There are 2 protein chains.
Amino acid sequence: MTGRDRGADLQAIEPSPVVILVRPQLAENIGAVARAMGNGGLFHLRLVAPRDGWPEQKAWRMASGAHRILDAATVHETVADAVQDLHRVFATCPRARHIIKPVLTARGAAVELHEIGARGLKTGVLFGPERAGLDNDDIACADSLIRYDLNPGFMSLNLAQAVMILGYEWYIARDPDAAARGLQTNETGIATKFELEQFMEHLIRLCDESGFLKNEQKRPGMVRNLWHLFQRGEITSQELNTLHGVIAELARGRKP
Amino acid sequence: MTGRDRGADLQAIEPSPVVILVRPQLAENIGAVARAMGNGGLFHLRLVAPRDGWPEQKAWRMASGAHRILDAATVHETVADAVQDLHRVFATCPRARHIIKPVLTARGAAVELHEIGARGLKTGVLFGPERAGLDNDDIACADSLIRYDLNPGFMSLNLAQAVMILGYEWYIARDPDAAARGLQTNETGIATKFELEQFMEHLIRLCDESGFLKNEQKRPGMVRNLWHLFQRGEITSQELNTLHGVIAELARGRKP
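These numbers come from a predicted model, not from an experiment. (Residues numbered from 1 in each chain as written. Chains lettered and ligands numbered in written order. Predicted model: local features only at pLDDT ≥ 70, side-chain atom pairs only at ≥ 80, totals over all residues. Heavy atoms only, no water.)

### Description of the overall build of chain A
The number of helices and strands found in chain A is eleven helices and eight strands. Here chain A holds 256 residues, and 50% of them are scored as buried. A fraction of 83% describes how many contacts in chain A between residues 6 or more apart in sequence connect residues 24 or more apart. On chain A, roughly 12,400 Å² of surface is accessible, and the fraction owed to carbon and sulfur atoms is 52%. (Helix = DSSP H or I, 4+ residues; strand = E, 2+ residues; numbered from the N terminus. Buried < 20%, exposed > 50% of the residue type's maximum accessible area, 1.4 Å probe, protein only. Contact = heavy atoms within 4.5 Å. Areas by Shrake-Rupley, 256 points an atom, 1.4 Å probe, with all protein chains shown as cover.)

Pasting the structure below:
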């Protein structure tokens, strides 16, 4: 609609659930929701009776490039209308209510959304208006509730934040291994013990040559301490290369 | 500072990591960060060289009641100053850079933050300015990097969203069982098989009385189908009570 389309490379993880904003109040929040959807690999946005009408330029300004999501958004008069082509509907519902439906965490819901989608069924998630949240009639249109596991002492959750958490879990749940993959390394590998040994030989040879280890009695303990120091954490191959250079250079400076 | 203190019941999950905003630009974003911290059970906020100075009223207006977090925030000239009392520092870093540090997901980092905190050590997490992100000097102050597992096709992540995701994972990681607890029920339990049996007896007795099951040959299959129908999903005790009432009422209407 406006601005350059930084979101040309928006990639939805299909089949992705429809995000349904029920009576959203501020267009800025709708834009922020679109941005969060982009982050989470969600694409389909429906608006039920947006308070200030639609389209609203302010939404596009807040979307930070996620314009295609807003361009494709549809407007509906009622929740029932917005969900009529869907097979399974979830409602985000922070407060405990006297409603008899299964309640999932965001993480559990994301897994279930993928499972349902993989069966070729269409899903959607309802998010309520900024202040009041979903009312009982809205929730009656849903099969299950989603309750975020967040600080019960501070329940004021921004609308775009609520969509972000779902999108984040949705994105991670695309790949069951991704969550477990806690530690990666950045373009360089952890050094092998062989690489470490090569470095330690280099270091100790230079220490010997410099006279640093000349005390024969203390030498074994000092060498052991050096080993402990460089073994303590994971050290990368690239770090070892740097250290090789450092000690070679230091040793060169010392020589006549 | 201003407004009613809706955050009087902010509960941090201590020892919680310090959130360090490096050269934040907009006071509104600092307020939105405080709100997200409240959601995630984080409390300690430090600001490094906020562009528009500090304090800024706009931050309190955006914090939605998380005023105590802003009231307690401290301002620092440099990242080095902001981290000097901490034992372990993480840096959020979306882009691949030629930096040799371990990289964790938000989920992995949250677990590690709890583990480090449990050893009595203080932790902090750096978040960069809105547009540019952290620079290489900032990152040099950190031990490890955090890279969120989000859509690489749309990397524009709002500052408060970045803090929200960390806070969300921090809150969940307080309780290793919480993540696994995918399905809860809402103030009512799933019906026992005994409760279901009582209901089915009630239903079939009324069906017999009404004449609905009068065809002796078809009766076993029809009864089996009714059982299948009510056994298909989990049914709650409260739902069964409602159904008891429904069928009793229907049966009453039929009687002379």
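Picking up after the structure, the text goes on.
### Comments concerning the confidence of the model for chain A
Residue and element names in this part refer to chain A. Averaged over chain A, the pLDDT score is 84; the fraction of residues at 70 or greater is 84%. When the criterion is pLDDT under 50, residues 1-8 qualifies, and its contacts beyond four places in sequence or with other chains add up to 19 contacts. Reported for the predicted complex are a pTM of 0.75 and an ipTM of 0.73. (pLDDT = per-residue confidence, 0-100.)

### Observations regarding the packing of aromatic side chains
On inspection of all chains with the given rule, the structure shows three aromatic pairs over all chains. Seen in terms of ring centroids, A:Tyr168 and B:Tyr168 are 6.4 Å apart; in terms of plane orientation they differ by 85°. Their pairing is edge-to-face. Residue A:Tyr168 is located in helix H7 (residues 159-173), and its partner B:Tyr168 is located in helix H7 (residues 159-173); the two belong to separate chains. Given a relative accessible area of 1%, A:Tyr168 falls into the buried group. (Phe/Tyr/Trp six-rings, centres within 6.5 Å; stacked < 30°, edge-to-face > 60°.)

### Quick notes on H7(B)
Residues and elements named next belong to chain B. Along its 15 residues, H7 runs 21 Å from first to last C-alpha, staying within 8% of the 21 Å computed at 1.5 Å per residue. With 14 of its 15 residues buried, H7 lies for the most part within the structure. Regarding H7, its N-cap is Asn158, as a side-chain oxygen of that residue lies 2.9 Å from the backbone nitrogen of Ala160 further along. (Expected span 1.5 Å × (residues − 1). Polar contact = N/O pair within 3.5 Å; in protein donor to acceptor, adjacent residues only side chain to side chain.)

### Digging into the pattern of salt bridges
One pass over the full model with this rule turns up 22 salt bridges over all chains. A:Asp138 is the salt-bridge partner of A:Arg23, the closest N and O atoms lying 2.8 Å from each other. Here A:Arg23 is found in the loop between strand E1 (18-22) and helix H1 (27-40), whereas its partner A:Asp138 is found in helix H6 (residues 136-140), with 115 residues between them in sequence. In this structure, B:Arg46 engages B:Asp85 in a salt bridge whose closest nitrogen and oxygen atoms are separated by 2.8 Å. Separated by 39 residues along the polypeptide, B:Arg46 in strand E2 (residues 45-48) and B:Asp85 in the loop between helix H4 (79-82) and strand E4 (88-92) bring together distant segments of the chain. Note on B:Asp85: relative accessible area 33%, which makes it partly exposed. Each of A:Arg107, A:Glu169, B:Arg107 and B:Glu169 takes part in one network of salt bridges that share partners. (Salt bridge = Lys/Arg side-chain N within 4 Å of Asp/Glu carboxyl O.)

### Details of the pairing of strand E6 (residues 123-127) of chain A
Residue and element names in this part refer to chain A. With respect to burial, E6 is a largely interior element, five of its five residues being buried. Here E6 shows two buried faces, one formed by Thr123, Val125 and Phe127 and the other by Gly124 and Leu126. The pairing of E1 with E6 spans four bridges and is parallel. Paired with Ile20 across the two strands is Leu126, which belongs to E6. (Pairing = 2+ DSSP bridges.)

### Re empty space enclosed by the protein
Inspection of every chain in the model, using the stated rule, returns one cavity of 30 Å³ or more. Counted as a void, the largest cavity has a volume near 30 Å³. Across the lining of the largest cavity, the residue classes break down as five nonpolar, two polar and three charged. (1 Å grid on protein atoms, 1.4 Å probe; cavity = no way out; pocket = protein on both sides within 12 Å on 5 of 7 lines; lining within 4 Å. Points joined across faces, edges and corners; volume = space filled by probe spheres on them. Nonpolar A, V, L, I, M, F, W, Y, C, P; charged D, E, K, R; others polar.)

### Re the pairing of strand E4 (residues 88-92) of chain A
All names here are of chain A. In terms of residue burial, E4 counts as a mostly covered element, since four of its five residues are buried. As judged from the four bridges shared by E4 and E6, these two strands associate in the parallel manner. Looking across to E6, one finds that Arg88 is bridged to Thr123. Pairing between E4 and strand E7 (residues 144-146): three bridges, direction parallel. Bridging across to E7, Phe90 finds its partner in Ser144.

### Some details on the nonpolar core
Within the largest apolar cluster, 85 residues are counted, with the highest numbers of intra-cluster contacts made by A:Leu21, A:Leu45, A:Phe127, B:Leu21, B:Leu45 and B:Phe127. The contact partners of B:Leu21, leaving out residues within four places of it in the chain, are B:Ile30, B:Val33, B:Leu45, B:Arg46, B:Leu47, B:Val48, B:Phe127, B:Leu159 and B:Val163. (Core = buried A, V, L, I, M, F, W, Y, C linked by side-chain atoms within 4.5 Å.)

### Here we look at unusual backbone geometry
A:Pro55 follows A:Trp54 through a cis peptide bond whose omega is 0°. Position of A:Pro55 relative to the elements: it lies in the loop between strand E2 (45-48) and helix H2 (57-62). Phi is positive for A:Ser64, which is not a glycine, with a value near 50°. Locating A:Ser64 in the fold gives a position in the loop between H2 and helix H3 (67-71). Although it is not a glycine, B:Ala49 sits at a positive phi angle of roughly 45°. Counting through the fold element by element, B:Ala49 comes out in the loop between E2 and helix H2 (57-62). Overall, the relative accessible area of 35% leaves B:Ala49 in the partly exposed class.

### Some remarks on helix H5 (residues 106-118) of chain A
All names here are of chain A. Spanning 13 residues, H5 covers 18 Å between terminal C-alpha atoms, matching the ideal 18 Å at 1.5 Å per step. Every buried residue of H5 is accounted for by Ala106, Arg107, Gly108, Ala109, Ala110, Leu113, His114, Ile116 and Gly117. A positive backbone phi angle near 80° is found at Gly120, which sits one or two residues after H5.

### Overview of the environment of B:Ser156
Relative to the elements of secondary structure, B:Ser156 occurs in the loop between strand E7 (144-146) and H7. For the pair B:Ser156 and B:Pro94, spaced 62 residues apart in sequence, the C-alpha to C-alpha distance is 9.4 Å. Polar side-chain contacts of B:Ser156 include one of 3.0 Å to the side chain of A:Arg35. In this structure the side chain of B:Ser156 is engaged in a polar contact, spanning 2.6 Å, whose partner is the side chain of A:Ser64.

### Points about the state of the cysteines
All names here are of chain A. For the structure shown, the criterion picks out zero disulfides over all chains. There is no disulfide at Cys141, and the cysteine sulfur nearest it, in Cys93, is 14 Å away. Overall, the relative accessible area of 27% leaves Cys141 in the partly exposed class. (Disulfide = S-S within 2.5 Å.)

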